[in-house]
Amino acid sequence: VCIHVIPLDSFDVPSPDHPSSKFQRYSSSWRHHSTFSYHYLLNTSFGAYSFLAMDACPSPGPRRPYNFFGILDDEDLDALNSMALEATSSNHTIWLSHYPSSIINTDHQRLRNIMSSSLAHVCGHLHTLGGFVPNMYGRQPGGRLELELGDFRFMKMYRILALDHDLLSFADVELGQWPVVLVTNPKDALYLLPSHEPTDRIRQSSHIRILAFSPYGISSVKVWVGGRSLVAQHVGGGLYTVPWDPADYAHGLHKISVGAEDFAGHSHKASHLFSLDDTLVPLQTLSEWIILTDFRALFRMAFMFVWFSLISSLFMAWNCGGRQSCLNPLVRRKEVFLPLLFYIVYYGIGPWYVGELLEGVYGLVFVHGIAVNGYFISGSLTYLAGVLEVLLFQVPAVLYTSWLLTPGRSTFPHCYAVSCHAVFAAVCIFKLYTFQSNPYGMVAKVISPGLVWPLPLVVVLSWRSFVMSRRKLTIADDN
């Protein structure tokens, strides 16, 4: 059966029914379903299986980069919950979406509750993080699997899912790799779901079962398990079996390997660990962390922490009295300190810039979200951009201007002073590069009180601080 998944990203798409929406123009799903999220029911002689497609694309979908996160509001969650209730009579439920749950801006606890009874959530978007996490799989707290898939455009990856006696197995395969081999019984212990699957059926089974495919035809399938080499028999279609006695493998983990060869001479071998006592093999820590983390909440918390920390440090230095602080020279010069403080506070409250967020449509970008076309899209990646702005520009600007105003700065080693000037010059050049590469048009580079305007402000304040410190040093020398 072929399941057509919902739209992928929505770059520069004002609305789902807009003429620029390629989903309507090219997708099979749009022609067969009246909504973007839908329920596909597969009826068989041995049961029914529900595939629930979840559309989390932002609407409107602005241009890059601030459309990286999916969005599900309360109305969307209500619709998904209704779909999940419709699927309760099915043998199993599998969710499909472009976005992993960690990259969706939503009520994560409610979303997890809605999806809790399903076997798996198959998704993409993050794929393999450029090859750094080739198998990005995770197990949600309720036991459900969440399985990213490498992208088809560059890596040519596709996934085969198989349900064998209601136990889910899968293989991620590169296009053109033959033969394709998937062992469905005994199931890989990495992906066992004792709370969702009838794992006792593995212990009660009479045969090892393998799916093997090739356009050239399969010439042989061999199995290695428990130190024995066995030849699988062709049952029909892509199914091959080998008799076995599960009692021989009743406890602990065991390894099974299957090698298949086709008539064109291609061969492929697949191996995994299995257990009959529900012993689980832990998934990779990094991949699980990526799958389980609410990144919007993480980025928001990180921004609020660094932003409040910087503002708090400035206010504490302002009110520290006689206590020494590296920021004391700055806070004593109100003509420098107050404009800098205003800019930092404004950055976390006001709009950063006006930009062409959709073709021919202008909107406002804040750290807390984007206002465009009559909608407000809650912030996500904007928080990460805010963290980088605070750490890579605002903090260096504060420290540099304070250092310029430090009494006795001339006593510092010459190489130290040159290094400070060079580092801050590099910070300003990087800042200049970031707004030159802004994708939201020339207007975003001009009407930009939170992104572009602070650069000349900080440069002027730094120059003024330098002049004041030189004047003070000259007066001291004269005395």
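Residues numbered from 1 in each chain as written. Predicted model: local features only at pLDDT ≥ 70, side-chain atom pairs only at ≥ 80, totals over all residues. Heavy atoms only, no water.

Draft legend 1. Here's a closer look at the overall build of the protein chain. If you tally the helices and strands in the protein chain, you get 13 helices and 22 strands. Against the globule reference of 23 Å for 479 residues, the protein chain gives a C-alpha radius of gyration of 30 Å, more extended than a compact globule. When its C-alpha atoms are laid out on the principal axes, the protein chain stretches across 100 × 50 × 40 Å. Across the 479 residues in the protein chain, those meeting the buried criterion constitute 49%. Within the protein chain, contacts between residues separated by at least 24 positions form 65% of all contacts whose residues are at least 6 apart in sequence. Carbon and sulfur atoms make up 61% of the accessible area of the protein chain, which totals about 23100 Å². Placing the 33 positive and 35 negative side-chain charges of the protein chain at their respective mean positions leaves the two points 12 Å apart. (Helix = DSSP H or I, 4+ residues; strand = E, 2+ residues; numbered from the N terminus. Rg over C-alpha atoms; globule rule 2.2 N^0.38 Å. Buried < 20%, exposed > 50% of the residue type's maximum accessible area, 1.4 Å probe, protein only. Contact = heavy atoms within 4.5 Å. Areas by Shrake-Rupley, 256 points an atom, 1.4 Å probe, with all protein chains shown as cover. Lys, Arg positive; Asp, Glu negative; His and termini not counted. Charge placed at Lys NZ, Arg CZ, Asp CG, Glu CD.)

Draft legend 2. Quick peek at the pattern of salt bridges. Tallied over the full model, the rule gives ten salt bridges. The salt bridge partner of aspartate 278 is arginine 203, with a shortest N-O separation of 3.8 Å. Linking aspartate 278 in the loop between strand 18 (267-275) and helix 6 (285-292) with arginine 203 in helix 5 (residues 200-203), this pair joins segments that are 75 residues apart in sequence. Owing to a relative accessible area of 26%, aspartate 278 belongs among the partly exposed residues under this scheme. (Salt bridge = Lys/Arg side-chain N within 4 Å of Asp/Glu carboxyl O.)

Draft legend 3. Highlighting the sheet that holds strand 21 (residues 369-372). Strand order in the open sheet made by the four strands is 19-20-21-22, with antiparallel pairing throughout. Whereas interior strands pair on both sides, the edge strands pair on one side only; in this sheet they are strand 19 (353-358) and strand 22 (375-378). Within the sheet, the average angular offset between the axes of one strand and its neighbour, ignoring direction, is 30°. Bridging between strand 20 (residues 361-366) and strand 21 involves four bridges; their strand directions are antiparallel. What sits directly across from leucine 364, in strand 21, is alanine 371. (Pairing = 2+ DSSP bridges. Axes fitted to C-alpha atoms, helices over the stretch in contact; angles between N-to-C directions.)

Draft legend 4. The layout of surface pockets, seen in detail. Taken as a whole, the second largest pocket holds about 620 Å³ of empty space. Forming the boundary of the second largest pocket are 31 residues, of which Phe170, Ala171, Asp172, Asp188 and Tyr191 lie nearest the centre. Counting residues per element, the ones that place at least two in the lining of the second largest pocket are strand 10 (167-174), strand 11 (180-185) and strand 18. Looking at the lining of the second largest pocket, the element that brings in the most residues is strand 10, giving six residues. (1 Å grid on protein atoms, 1.4 Å probe; cavity = no way out; pocket = protein on both sides within 12 Å on 5 of 7 lines; lining within 4 Å. Points joined across faces, edges and corners; volume = space filled by probe spheres on them.)

Draft legend 5. Examining the confidence of the model for the protein chain more closely. Residues of the protein chain with pLDDT of at least 70 account for 91%, and the chain-wide mean is 88. Taken together, the stretch residues 1-7 has pLDDT below 50 and engages in 26 contacts with residues farther than four places along the chain or on a different chain. Across residues 473-479, confidence stays below pLDDT 50; counting only partners more than four residues off in sequence or on other chains, it has one contact. (pLDDT = per-residue confidence, 0-100.)

Draft legend 6. Local environment of the side chain of asparagine 67. Topologically, asparagine 67 is positioned in the loop between strand 2 (47-54) and strand 3 (70-71). In terms of polar contacts, asparagine 67 uses its side chain to reach the backbone carbonyl oxygen of proline 62, at 2.8 Å. Discounting chain neighbours no more than four positions away, the residues touching asparagine 67 are Ser10, Phe11, Pro62 and Tyr99. (Polar contact = N/O pair within 3.5 Å; in protein donor to acceptor, adjacent residues only side chain to side chain.)

Draft legend 7. Structural context of helix 9 (residues 334-347). For helix 9, which comprises 14 residues, the first-to-last C-alpha distance of 19 Å matches the rise-based estimate of 20 Å (1.5 Å per residue) to within 8%. Regarding helix 9, the residues found buried are Val336, Phe337, Leu340, Leu341, Tyr343, Ile344 and Tyr347. In a view along the axis of helix 9, the buried residues occupy a sector of 160°, so they form one face of it. (Expected span 1.5 Å × (residues − 1). Arc of directions from axis to C-beta.)

Draft legend 8. Local environment of a negative patch on the surface. A cluster of acidic side chains, namely Asp73, Asp74, Glu75 and Asp107, defines a negative patch on the protein surface. Inspection of the secondary structure assignment puts aspartate 107 in the loop between strand 5 (104-105) and helix 4 (108-115). (Patch = residues over 30% accessible without salt bridge, like charges linked within 9 Å, V, L, I, M, F, W, Y side chains within 5 Å.)

Draft legend 9. Structural context of the sheet that holds strand 14 (residues 228-231). If you trace the four strands from one edge of the open sheet to the other, you get 14-13-17-18, paired in antiparallel fashion. Of all strands in the sheet, those bounded by a partner on one side alone are strand 14 and strand 18. Between one strand and the next, the sheet's axes are offset by a mean angle of 20°, whatever the strand orientation. In the sheet, strand 13 (residues 218-225) pairs with strand 14 via four bridges, with the strands oriented antiparallel. Across the sheet, lysine 222 pairs through a bridge with valine 231, a residue of strand 14.

Draft legend 10. Structural view of unusual backbone geometry. Cis rather than trans, the peptide bond between arginine 64 and proline 65 has omega equal to 0°. With an omega of 5°, the peptide bond running from asparagine 185 to proline 186 counts as cis. For histidine 125, which is not glycine, the phi dihedral falls at a positive 70°. With respect to the element layout, histidine 125 can be found in the loop between strand 6 (120-123) and strand 7 (137-139).

Draft legend 11. Representation of empty space enclosed by the protein within the structure. The tally for this structure, following the rule as stated, stands at two cavities of 30 Å³ or more. Here the largest cavity is characterised by a volume of approximately 110 Å³. Lining the largest cavity are 16 residues, and of these Tyr66, Asn67, Ile377, Ser378 and Ser380 lie nearest its centre. If you list the elements that add at least two residues to the lining of the largest cavity, you get strand 21, strand 22 and helix 10 (381-404).

Draft legend 12. Examining a nonpolar patch on the surface more closely. Together, Leu384, Leu388, Leu391, Leu392, Phe430 and Tyr433 make up a nonpolar patch on the protein surface, roughly 570 Å² of accessible area in all. Contributions of two or more residues to the nonpolar patch are made by helix 10 and helix 11 (414-436). With four residues, the single largest contributor to the nonpolar patch is helix 10. Along the polypeptide, leucine 388 turns up in helix 10. Residue leucine 388 is classed as partly exposed on the basis of its relative accessible area, which comes to 45%.

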